[in-house]
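# Descriptive analysis of the structure
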Amino acid sequence: MPIPPKNLNEFSSLLQLMRDLRGPDGCPWDKEQTHLSLAPYAIEETFEMVEALEKQDDAEFCEELGDVLFQVVLHAQLATERKAFDINDVIKSISEKLVRRHPHVFSEVQVSGAEEVIKNWNEIKAKEKAGKVKPVFSLPKGLPALPTAEKIGSKTEKLKFDWDTPRQVLAQLKSEIAELEVEMNRAEIDNGSLDHEMGDVLFSAAQLARHLKIDAESSLRRTNLRFQKRFNAMLADCDNNVDKFTALPPEQKEELWRKAKKDLA
């Protein structure tokens, strides 16, 4: 039976725990994982980390950062077992990249501000990837749809294929909503066409957020949380009795909603 390390606040202890979890007497779940099977967990843990950050709950944020780190270390352990690379290679790779892409910090390059830092970063990144054939839209498959849409827009903006002003994007969004409404009003609704038009509406909304310099994913998460809080307040006014709330007539529900919006602006 493996013995846990004595000092659990050292990075080396985490690496030892990971080796033990994957070892002969380790955890059946950890032992059967592969890089691909872990991919959904990496996405989930990252979102949970961001959620804790947005809640400004440091204790939960610390815990979720640990869960993200667990994913990194577990992938590194799998790679070690494959003799592909180990955690030291991971650390070396990111450290070299940080030094290479921050010449204004680690060498004599001068910058005037954050915008020039980003410009230099992109130029250095382009040089690093020079000669490599890369598709225009090289985006992670697991990236959620909203940030993917924003990144697509950012890429086409660099290629001079974009709207000039947020007002133009708003007009496009209204046009897409009108087309969606046409499909909704057809005598025989075509679900495929509805899906197509709904996608156009969402894509345009993501581009409008980009032009307004609003992160669409974060904005929607905040709206989701705000709605949940208001809805829970409505339920609280019904003694948290779901059946009692469900039985209310629409006008009373609307009144409770207006009250919740006022109390939780």
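Below is a summary of the structure that appears in this document.

Turning to the overall build of the chain, a few remarks are in order. Counting secondary structure elements, the chain contains 13 helices and zero strands. Counting helices and strands in the order they occur from the N terminus, the chain gives α-α-α-α-α-α-α-α-α-α-α-α-α. For 265 residues, the compact-globule estimate of 2.2 N^0.38 gives 18 Å, and the chain exceeds it by more than 25% at 25 Å. With the C-alpha coordinates of the chain rotated into their principal frame, the extents come out at 60 × 55 × 40 Å. For the chain, buried positions account for 22% of its 265 residues. Considering only contacts within the chain whose residues lie at least 6 apart along the sequence, 52% involve residues at least 24 apart.

Once that is clear, we can look at the pattern of salt bridges. Taken as a whole and judged by the stated rule, the model has 13 salt bridges. Two residues, Glu-81 and Arg-22, come together in a salt bridge whose shortest N-O distance is 2.5 Å. A residue pair is termed long-range when its members are at least 10 positions apart, and Glu-81 in helix 4 (residues 58–81) and Arg-22 in helix 1 (residues 11–22) qualify at 59 residues. Residue Glu-81 is classed as partly exposed on the basis of its relative accessible area, which comes to 37%. Relative accessible area serves as the criterion here: at 17%, Arg-22 is assigned to the buried category. A salt bridge links Glu-183 to Arg-186, with the shortest nitrogen-to-oxygen separation between them at 3.1 Å. Members of the salt-bridge network, linked through shared partners, are Glu-54, Glu-217 and Arg-221.

Once that is clear, we can look at the packing of aromatic side chains. Going through the model one piece at a time under the given rule, you end up with four aromatic pairs. On the basis of an interplanar angle of 15 degrees and a centroid distance of 6.0 Å, the ring pair of Phe-227 and Phe-231 is categorised as stacked. One end of the pair, Phe-227, and the other, Phe-231, are both in helix 11 (residues 216–236), four residues apart, so they sit about a helical turn from each other. The class of Phe-227 is partly exposed, set by a relative accessible area of 45%. Overall, Phe-231 belongs to the partly exposed group, its relative accessible area being 29%. Summarising the aromatic geometry, the rings of Phe-227 and Trp-257 are spaced 5.2 Å apart at their centres and angled 45 degrees between planes, so their arrangement reads as tilted. In this pair, Phe-227 sits in helix 11 while Trp-257 sits in helix 13 (residues 250–263), placing the two residues 30 residues apart along the sequence.

Cut-offs applied
Residues numbered from 1 in each chain as written. Predicted model: local features only at pLDDT ≥ 70, side-chain atom pairs only at ≥ 80, totals over all residues. Heavy atoms only, no water. Helix = DSSP H or I, 4+ residues; strand = E, 2+ residues; numbered from the N terminus. Rg over C-alpha atoms; globule rule 2.2 N^0.38 Å. Buried < 20%, exposed > 50% of the residue type's maximum accessible area, 1.4 Å probe, protein only. Contact = heavy atoms within 4.5 Å. Salt bridge = Lys/Arg side-chain N within 4 Å of Asp/Glu carboxyl O. Phe/Tyr/Trp six-rings, centres within 6.5 Å; stacked < 30°, edge-to-face > 60°.

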